[in-house]
Amino acid sequence: MDETLIKKMIASIKCGSCGQNYDEDHIEIVEHNDELWFLKVSCPSCHVRCLVAAIIRENARPEVLTDLTEEEMEKFKNLGNVRDEDLLAMHDFLKDFDGDFPTLFEREE
Ligand SMILES: [Zn+2]
């Protein structure tokens, strides 16, 4: 999948802090594993930085699983780096929930 396209899709997500849409220039792809992508984003408006995990499929809206603020990211870092096994485990876990994303991960707007 084209990284430019990924960034475009992530740019359609709104900042959890101020509601501003992210923009493509402030999105950095950390890593991905099939449809699971980890991205670093920073809000162009309030400058809050987040780590976003999202399931991205072609011809579908990205499904945001979690976004961690910088503070939460520090905690996350203390637990060690994200390893391939973690990604795979998460991916497998998420597969079981296929189809239930809209209810599981519905975000308050
Ligand atoms: Zn913001």
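Above this text you will find the structure in question.
Rules of the game
Residues numbered from 1 in each chain as written. Predicted model: local features only at pLDDT ≥ 70, side-chain atom pairs only at ≥ 80, totals over all residues. Heavy atoms only, no water. Donors = N, O, S within 2.8 Å, 3.2 Å for Na, K, Ca; no water. Tetrahedral: all angles 85-135°; square planar, octahedral: opposite > 155°, others 65-115°. Helix = DSSP H or I, 4+ residues; strand = E, 2+ residues; numbered from the N terminus. Core = buried A, V, L, I, M, F, W, Y, C linked by side-chain atoms within 4.5 Å. Buried < 20%, exposed > 50% of the residue type's maximum accessible area, 1.4 Å probe, protein only.

Participant: Would you mind going over the coordination of the zinc ion in detail, with residue names and values included?
Facilitator: Here the zinc ion is held by C15 (SG), C18 (SG), C43 (SG) and C46 (SG), and the distances to it run 2.2 to 2.3 Å. Metal-centred angles of 103 to 112° between the four donor atoms at the zinc ion mark the site as tetrahedral. For the zinc ion, the single-chain donor residues occur in sequence as C-x2-C-x24-C-x2-C. Of this pair, C18 sits in the loop between α1 (3-10) and β1 (27-33) while C43 sits in the loop between β2 (36-42) and β3 (49-55), and the two are 25 residues apart along the sequence.

Participant: I'd like to hear about the nonpolar core, residue by residue, with values.
Facilitator: Judged by nonpolar contacts, the single largest core of 18 residues is most densely connected at I6, I10, Y22, I27, L39, V41 and I56. Of all the secondary-structure elements, those providing two or more residues to this core are α1, β1, β2 and β3. Formed by five residues, the second largest nonpolar core is a distinct cluster that contains F38, A53, I55 and L65.

Participant: Please give an account of unusual backbone geometry that cites residues and values.
Facilitator: Glycine aside, negative phi is the norm for most residues, and most peptide bonds take the trans geometry. The backbone of D34 sits at a positive phi, close to 55°, despite the residue not being glycine. Of note, D34 is situated in the loop between β1 and β2. The backbone of H47 sits at a positive phi, close to 65°, despite the residue not being glycine. Position of H47 among the secondary structure elements: in the loop between β2 and β3. A residue is classified by how much of its surface remains accessible, and H47, at 59% relative accessible area, is exposed.

Participant: Describe the environment of R49, listing the residues and the values that go with them.
Facilitator: Following the sequence through the fold, R49 ends up in strand β3. Residue class for R49 comes out partly exposed when judged on its relative accessible area of 43%. Once the C-alpha coordinates of R49 and I27 are considered, the two residues, 22 residues apart in sequence, prove to be 9.9 Å apart.

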